[in-house]
Amino acid sequence: MILKKVDFYIDWPGSKNIIHLRRLIIENLMKKGEVIRWSIIDIKDSIESSNLKKIRIKAVLVNPVNSKI
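Residues numbered from 1 in each chain as written. Predicted model: local features only at pLDDT ≥ 70, side-chain atom pairs only at ≥ 80, totals over all residues. Heavy atoms only, no water.

> Help me out: how do you make sense of the pairing of strand β2 (residues 34–45) in this one?
Strand direction decides the pairing type here: β2 and strand β3 (residues 52–62), joined by ten bridges, are antiparallel. From the neighbouring strand, Asp-45 faces β3, where its bridge partner is Lys-53. (Pairing = 2+ DSSP bridges. Helix = DSSP H or I, 4+ residues; strand = E, 2+ residues; numbered from the N terminus.)

> Looking at this model, I keep getting lost on the packing of aromatic side chains. Mind explaining?
Where two aromatic rings form a pair, the distance of their centres and the angle of their planes describe that pair. If you walk through the whole model with that rule in mind, you get zero aromatic pairs. Residue placement shows Lys-32 over the ring face of Phe-8; its charged tip is 4.6 Å from the ring centre. (Phe/Tyr/Trp six-rings, centres within 6.5 Å; stacked < 30°, edge-to-face > 60°. Lys NZ or Arg CZ within 6 Å of the ring centre and 35° of its normal.)

> Got a minute to help me understand the sheet that holds β3 in this structure?
Within a sheet, each strand pairs with its neighbour through backbone hydrogen bonds, oriented either parallel or antiparallel. If you walk across this open sheet you meet the three strands as β1-β3-β2, and the pairing is antiparallel. Strands at the two margins of the open sheet, each flanked by one partner only, are β1 (3–13) and β2. Recorded for the sheet is a direction-independent mean angle of 20° between the axes of neighbouring strands. In terms of strand pairing, β1 meets β3 through eleven bridges, oriented antiparallel. Residue pairing in the sheet places Leu-3 in a bridge with Val-62 of β3. (Axes fitted to C-alpha atoms, helices over the stretch in contact; angles between N-to-C directions.)

> What should I look at first to understand helix α1 (residues 21–30) in this one?
Owing to its 3.6 residues per turn, the α-helix aligns residues three or four sequence positions apart on the same side. Burial in α1 covers these residues: Leu-21, Leu-24, Ile-25 and Leu-29. Looking straight down α1, one finds that the buried residues subtend no more than 130° of arc, so they occupy a single side. When the buried face of α1 is taken as reference, the exposed residues oriented beyond 90 degrees from it are Arg-23 and Met-30. Contacts from the buried residues of α1 go to β1, β2 and β3. (Buried < 20%, exposed > 50% of the residue type's maximum accessible area, 1.4 Å probe, protein only. Arc of directions from axis to C-beta. Contact = heavy atoms within 4.5 Å.)

> Sorry if this is basic, but what is going on with the environment of Ile-2 here?
Residue position: Ile-2 is located in the segment before β1. Considering only alpha carbons, one finds Ile-2 and Val-35, 33 residues apart in sequence, at a separation of 12 Å.

> Looking at this structure, I do not really get the pattern of salt bridges. What am I missing?
For the coordinates displayed, the defined rule picks out five salt bridges. The salt bridge partner of Lys-54 is Glu-48, with a shortest N-O separation of 3.8 Å. On the accessibility criterion, Lys-54 (21% relative accessible area) is partly exposed. Classification of Glu-48 as exposed rests on a relative accessible area of 62%. Connected through shared salt-bridge partners, Asp-11, Glu-48 and Lys-54 make up one network. (Salt bridge = Lys/Arg side-chain N within 4 Å of Asp/Glu carboxyl O.)

Structure, rendered in structure tokens:
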């Protein structure tokens, strides 16, 4: 079993309701590995678009997709 800590940003479009935010985060994390835990660290307005927010996520994953044994 390989554990990996990840710290990254995802885009949160203004068209996505806050009710769907958890699903958006989990879908992005599942692409990277099996999720043990995650948390939102920061939310910022995007510089590129006024209708977009950047969400900083920290997570712990098991068996990350691009891991080397």
